[in-house]
Amino acid sequence: MAQVYRGGHPYPAGFPSRLTPHEVRTRAFAARRRGVDHDEVREFQARVADELAMLNETVRLLSQENDRIRRALRDWQTMHARECQPTQEHHPNSGHW
């Protein structure tokens, strides 16, 4: 696998770190013989950075929701386990369920 670079530095272990909105906004490109419209490039960078910021925020909120649901499930399982204590006499086909 070819070594991938970002900002002049190799990725650690070959995996890229997350691209940040700031990095997208401030990225500069070298001038070429047939250049591009710098205003269009900056406008596109702004759009990409805004969407990236929104996606990062969505991931953060979903992660928080996931943690909340995980805690609620664990609490429910704990409560349910206490309610379903086995009886003193254990018969093969006798139980709560």
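Basis of the calculations
Residues numbered from 1 in each chain as written. Predicted model: local features only at pLDDT ≥ 70, side-chain atom pairs only at ≥ 80, totals over all residues. Heavy atoms only, no water. Helix = DSSP H or I, 4+ residues; strand = E, 2+ residues; numbered from the N terminus. Buried < 20%, exposed > 50% of the residue type's maximum accessible area, 1.4 Å probe, protein only. Contact = heavy atoms within 4.5 Å. Areas by Shrake-Rupley, 256 points an atom, 1.4 Å probe, with all protein chains shown as cover. Patch = residues over 30% accessible without salt bridge, like charges linked within 9 Å, V, L, I, M, F, W, Y side chains within 5 Å. Salt bridge = Lys/Arg side-chain N within 4 Å of Asp/Glu carboxyl O. Lys, Arg positive; Asp, Glu negative; His and termini not counted. Charge placed at Lys NZ, Arg CZ, Asp CG, Glu CD. pLDDT = per-residue confidence, 0-100. Expected span 1.5 Å × (residues − 1).

## So, the overall build of the protein chain
Point 1. Summing up its helical and strand segments, the protein chain has two helices and two strands in all.
Point 2. The order of α-helices and β-strands along the protein chain, N terminus first, is β-β-α-α.
Point 3. Split into buried and exposed, the 97 residues of the protein chain put 9% on the buried side.
Point 4. Counting contacts in the protein chain only where the partners sit at least 6 residues apart, residues at least 24 apart contribute 35% of the total.
Point 5. Total accessible area on the protein chain is roughly 9,200 Å²; 56% of this is exposed by carbon and sulfur atoms.

## As for a negative patch on the surface
Point 1. Among the surface-exposed residues, Asp37, Asp39, Glu40 and Glu43 lie close enough to one another that they form a single negatively charged patch.
Point 2. Within the secondary structure layout, Asp39 lies in helix 2 (residues 38-83).

## Topic: the confidence of the model for the protein chain
Point 1. Counting all residues, the mean pLDDT for the protein chain is 80, and 71% of those residues have values of 70 or more.
Point 2. For the protein chain, the element scoring lowest by mean pLDDT is strand 1 (residues 5-6), at 53; helix 2 scores highest, at 92.

## Comments concerning helix 2
Point 1. For helix 2, built from 46 residues, the straight-helix expectation of 68 Å at 1.5 Å per residue is met to within 8% by its first-to-last C-alpha distance of 67 Å.
Point 2. Of the surrounding elements, those touching the buried residues of helix 2 are helix 1 (21-26).

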